[in-house]
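# Reading the structure
Below, each chain spelled out in residue letters.
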Amino acid sequence: MLLHDLDVFAQSFGAGHCFGCWRFRQYTDKFFTAYPAAQDILDLKSLELRNFGRGAYVFDGMANHRIEPSNPIALAASPLIGLADKAKLVDWTLDCMGLSPGQIQRLPDVTAERAFRQLGFSHQFLDQFARPLFGAVFMDRSLSMSRRSAAYVWKMLAEGHAAVPAAGIQAI
């Protein structure tokens with residue numbers, strides 16, 4: 001986890017951009033309940049975790065779209081991601097879930113963008129889903145993080161929840 005002052009400024013109000021400016025001094029990492037060591041190291045019950053709902057809201061420049069994996073009918077009908085990309089996303093999710101953290105660490109080390117392109121994802125998927133999602137997690141929309149990092153985070157989201165303790169992330 002990182003502990004430092006962080007300034008976040010939005011340059012525009014376009015698709016996938018955050019709104020406003022914040023200044024805070026605290027841990028700036030995310031907590032996923034599926035982290036393997038979390039059960040051993042943390043007393044999760046005493047943290048009174050507040051889980052975020054599964055899925056995401058993605059702004060495409062005109063409207064917010066809810067991407068909700070637990071509602072396959074709504075997911076299939078969403079215009080944000082094409083049908084071929086939805087099928088690839090299901091396959092990639094199952095692939096990530098089938099790998100151990102050690103196996104993920106042994107994947108070829110290429111950027112997430114290159115890995116997504118090798119898997120056949122469209123530019124639309126990259127720009128309207130992957131960049132906003134992984135940009136929020138890694139604070140970098142370029143998808144230049146390792147495919148290993150992207151796969152690990154995706155596995156954690158697929159197998160658990162994003163959460164924050166009742167007392168805030170600093171309680172961890």
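Residues numbered from 1 in each chain as written. Predicted model: local features only at pLDDT ≥ 70, side-chain atom pairs only at ≥ 80, totals over all residues. Heavy atoms only, no water.

Under the criterion given, the structure shown has 14 aromatic pairs. When the centroid spacing of 5.6 Å and the interplanar angle of 70° are considered together, the rings of Phe32 and Tyr35 count as edge-to-face. Given the relative accessible area of 4%, Phe32 is considered buried. Of the residues examined, Tyr35 reaches a relative accessible area of 23% and is grouped as partly exposed. On the numbers, 6.3 Å between centres and 25° between planes, the contact of Phe134 with Phe138 is stacked. Of the two residues, Phe134 and Phe138 both sit in helix α7 (residues 123-138), 4 residues apart, roughly one turn of that helix. (Phe/Tyr/Trp six-rings, centres within 6.5 Å; stacked < 30°, edge-to-face > 60°. Buried < 20%, exposed > 50% of the residue type's maximum accessible area, 1.4 Å probe, protein only. Helix = DSSP H or I, 4+ residues; strand = E, 2+ residues; numbered from the N terminus.)

Next up on the list: α7. Helix length check: α7, at 16 residues, gives a terminal C-alpha distance of 20 Å against a target of 22 Å (1.5 Å per residue), a shortfall beyond 12%. The largest bend in α7 is about 40°, located at Ala130, with the proline Pro132 one to four residues further on. For α7, the full list of buried residues reads Phe125, Leu126, Phe129, Ala130, Arg131, Pro132, Leu133, Phe134, Gly135 and Val137. Regarding α7, its N-cap is Ser122, as a side-chain oxygen of that residue lies 3.3 Å from the backbone nitrogen of Gln124 further along. Just past α7, the residue Met139 takes up positive phi, approximately 55°. (Expected span 1.5 Å × (residues − 1). Bend = angle between axes of the 7 residues up to and from the residue. Polar contact = N/O pair within 3.5 Å; in protein donor to acceptor, adjacent residues only side chain to side chain.)

Tracing the backbone through its elements, the reader meets Glu113 in helix α6 (residues 112-118). A polar contact is formed between the side chain of Glu113 and the side chain of Arg131, at a distance of 3.1 Å. Once you skip the residues sitting within four places of it in the chain, Glu113 turns out to touch Leu126, Arg131, Ser142 and Leu143. (Contact = heavy atoms within 4.5 Å.)

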